[in-house]
Amino acid sequence: MKKSFLFIIISLIFTSGFGQPKYGNPEVDFVKIQNSYSNWWTYQSKNIMLSRDFVALDTLSSEIPKETFLDQLANESYIPIRLQSDDTIYYYKLFKINPNSDTSIKATINQEAFDAYKNFKMENTPFPKFSFKDLNGNLVSNEMMKGKIVVVKCWYIHCAACIKEFRDVNKLVEKYKERKDILFVSLAEDTPKQLKVFLARKPFSYSVIPNMKIYMNETLQLNAFPTHFIINKEGFIAKVLNNYKSLEVALEKESKL
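Residues numbered from 1 in each chain as written. Predicted model: local features only at pLDDT ≥ 70, side-chain atom pairs only at ≥ 80, totals over all residues. Heavy atoms only, no water.

Participant: Any chance you could break down the overall build of the protein chain for me, citing the residues and the numbers?
Facilitator: Helix and strand content of the protein chain: 9 helices and 12 strands. In the protein chain, which comprises 257 residues, the proportion classed as buried is 44%. Counted over contacts in the protein chain with a minimum sequence separation of 6, partners at least 24 positions apart contribute 67%. Of the roughly 14500 Å² that the protein chain leaves accessible, carbon and sulfur atoms contribute 55%. (Helix = DSSP H or I, 4+ residues; strand = E, 2+ residues; numbered from the N terminus. Buried < 20%, exposed > 50% of the residue type's maximum accessible area, 1.4 Å probe, protein only. Contact = heavy atoms within 4.5 Å. Areas by Shrake-Rupley, 256 points an atom, 1.4 Å probe, with all protein chains shown as cover.)

Participant: Which residues make up the pattern of salt bridges, and what are the values?
Facilitator: Taken as a whole and judged by the stated rule, the model has 11 salt bridges. For Glu123, the salt bridge identified is with Lys239, shortest N-O distance 3.8 Å. Placement of the pair is Glu123 in the loop between α4 (103-122) and β6 (131-133) and Lys239 in strand β12 (residues 237-241), with a sequence separation of 116 residues. Residues participating in the shared-partner salt-bridge network are Asp53, Glu123, Lys239 and Lys253. (Salt bridge = Lys/Arg side-chain N within 4 Å of Asp/Glu carboxyl O.)

Participant: Any details on the nonpolar core? Residues and values, ideally.
Facilitator: Membership of the largest hydrophobic core comes to 29 residues, with the highest contact counts inside it found for Trp155, Phe184 and Leu199. Leaving out residues up to four positions away in the same chain, Phe184 has contacts with Val151, Leu172, Val173, Tyr176, Tyr206, Ser207 and Leu251. In terms of nonpolar packing, the next biggest core, distinct from the first, is built from 25 residues, Tyr43, Phe69, Ile109 and Ala113 among them. (Core = buried A, V, L, I, M, F, W, Y, C linked by side-chain atoms within 4.5 Å.)

Participant: Break down the side chain of Asn170 for me, citing the residues and quoting the values.
Facilitator: With respect to the secondary-structure elements, Asn170 resides in helix α6 (residues 166-175). Residue classification places Asn170 among the buried positions, given a relative accessible area of 17%. Within the local environment of Asn170, its side chain forms a polar contact with the backbone oxygen of Pro203, the two atoms lying 3.1 Å apart. Excluding residues within four positions of it along the chain, Asn170 makes contact with Pro203, Phe204 and Ser205. (Polar contact = N/O pair within 3.5 Å; in protein donor to acceptor, adjacent residues only side chain to side chain.)

Participant: Describe in detail the environment of Gln111, supporting the description with residues and values.
Facilitator: Position of Gln111 relative to the elements: it lies in helix α4. Linking Gln111 and Asn75, residues 36 residues apart in sequence, is a C-alpha distance of 9.1 Å.

Participant: Please give an account of unusual backbone geometry that cites residues and values.
Facilitator: Residues other than glycine predominantly adopt negative phi, and peptide bonds predominantly adopt the trans conformation. A cis amide bond, omega -5 degrees, links Phe225 with the succeeding residue Pro226. Within the secondary structure layout, Pro226 lies in the loop between α8 (213-219) and β11 (227-231). Non-glycine residue Asn124 carries a positive phi angle of around 70 degrees. Tracing the chain through its elements places Asn124 in the loop between α4 and β6. Look at Asn124 and you get exposed, because its relative accessible area is 63%. Look at Asn211: it is not a glycine, yet its phi comes out positive at around 55 degrees.

Participant: Requested: an account of the packing of α6 against helix α9 (residues 244-255), with residues and values cited.
Facilitator: Each pair of packed helices can be summarised by the angle the axes make with each other and by the distance between the axes. Direction vectors running N to C along α6 and α9 enclose 15 degrees, while the axes themselves pass 10 Å from each other. The orientation of α6 relative to α9 falls into the category roughly parallel. Crossing of α6 against α9: the hand is right-handed. For the pair α6 and α9, contact is made by Asp168, Val169, Leu172 and Lys175 and by Tyr244, Leu247, Glu248, Leu251 and Glu252, respectively. (Axes fitted to C-alpha atoms, helices over the stretch in contact; angles between N-to-C directions. Parallel < 35°, antiparallel > 145°, perpendicular 65-115°, else oblique. Left-handed = near helix turned anticlockwise from the far one by under 90°.)

Participant: Provide a residue-level description of the packing of aromatic side chains, including the pertinent values.
Facilitator: Counted by the stated rule, this structure contains 20 aromatic pairs. Relative to Phe198, the ring of Phe166 lies with its centre 6.5 Å away and its plane at 75 degrees, an arrangement referred to as edge-to-face. Taken together, the residues span a long stretch of sequence, with Phe166 in helix α6 and Phe198 in helix α7 (residues 192-201) at a distance of 32 residues. With respect to class, Phe166 is no different from Phe198; both count as buried. What links up through ring pairs into an aromatic cluster is the set Trp155, Phe166, Phe184, Phe198, Phe204 and Tyr206. (Phe/Tyr/Trp six-rings, centres within 6.5 Å; stacked < 30°, edge-to-face > 60°.)

Participant: Give me the state of the cysteines: which residues, what numbers.
Facilitator: In the structure shown here, the tally under the stated rule is 1 disulfide. Considering cysteine sulfurs only, Cys162 is the nearest to Cys154, which forms no disulfide, with 9.1 Å between them. (Disulfide = S-S within 2.5 Å.)

Participant: Can you lay out the sheet that holds strand β8 (residues 149-155) for me, pointing to particular residues and giving the numbers?
Facilitator: Across the sheet, which stays open at both edges, the 5 strands sit in the order β10-β9-β8-β11-β12 with mixed pairing between neighbours. At either margin of the open sheet sits one strand with a lone partner, and together these are β10 (207-209) and β12. Direction aside, neighbouring strands of the sheet carry axes that sit 20 degrees apart on average. Where β8 lies against strand β9 (residues 182-188), 7 bridges are found, and the strand directions are parallel. (Pairing = 2+ DSSP bridges.)

Set out below in structure tokens:
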């Protein structure tokens, strides 16, 4: 009797999904989307965010560290595909790139993964010390940001992608305007004069710090713009991201901690 009862319990556990993968098949045909660069890019740009939190899987569907996943994407011939899932967790799996596919696909994946890997390595490290004045003469420093979540956007006037997201990031500032513990700061390469003329035409809700080219290039070692940092209340880098979509998701999560 006891054995029968135990068997029933074990059966119920396994039929309820215990021990089974929480994901399904790839959400797209990874072979077909490699038929052309445009097919692949349409999928990649809308569905894959390497900066977000996700469960990383190798070609055999075994979980691997995110760092390993990004390193292999940056240096080998893989394409990342999201797997179908019913929960809010994202599952990205590595698939081998078709040797006959457009070589630009591999080159773009390698570059994007290299940037994502570099950004990932910066997470959980202290944001470099700084003390600068914004366009309004207000001092902005690590010291004054203690105990606050700080969103930092790095950009310059002639960066089309940086300017394109102005409307979205302005909405983000509006969304969190009641949160006194969240600050929005931007570092710009350009001079105060250039910025004042430009921002008179293109309103931007962040606090803007001019003449930051050397700091961004040498201290932050950035090679992609825009780059967004989310700094937690302890002064550590929580996330490094390269687009608004990723920023919105990450800030939503950080704001609830």
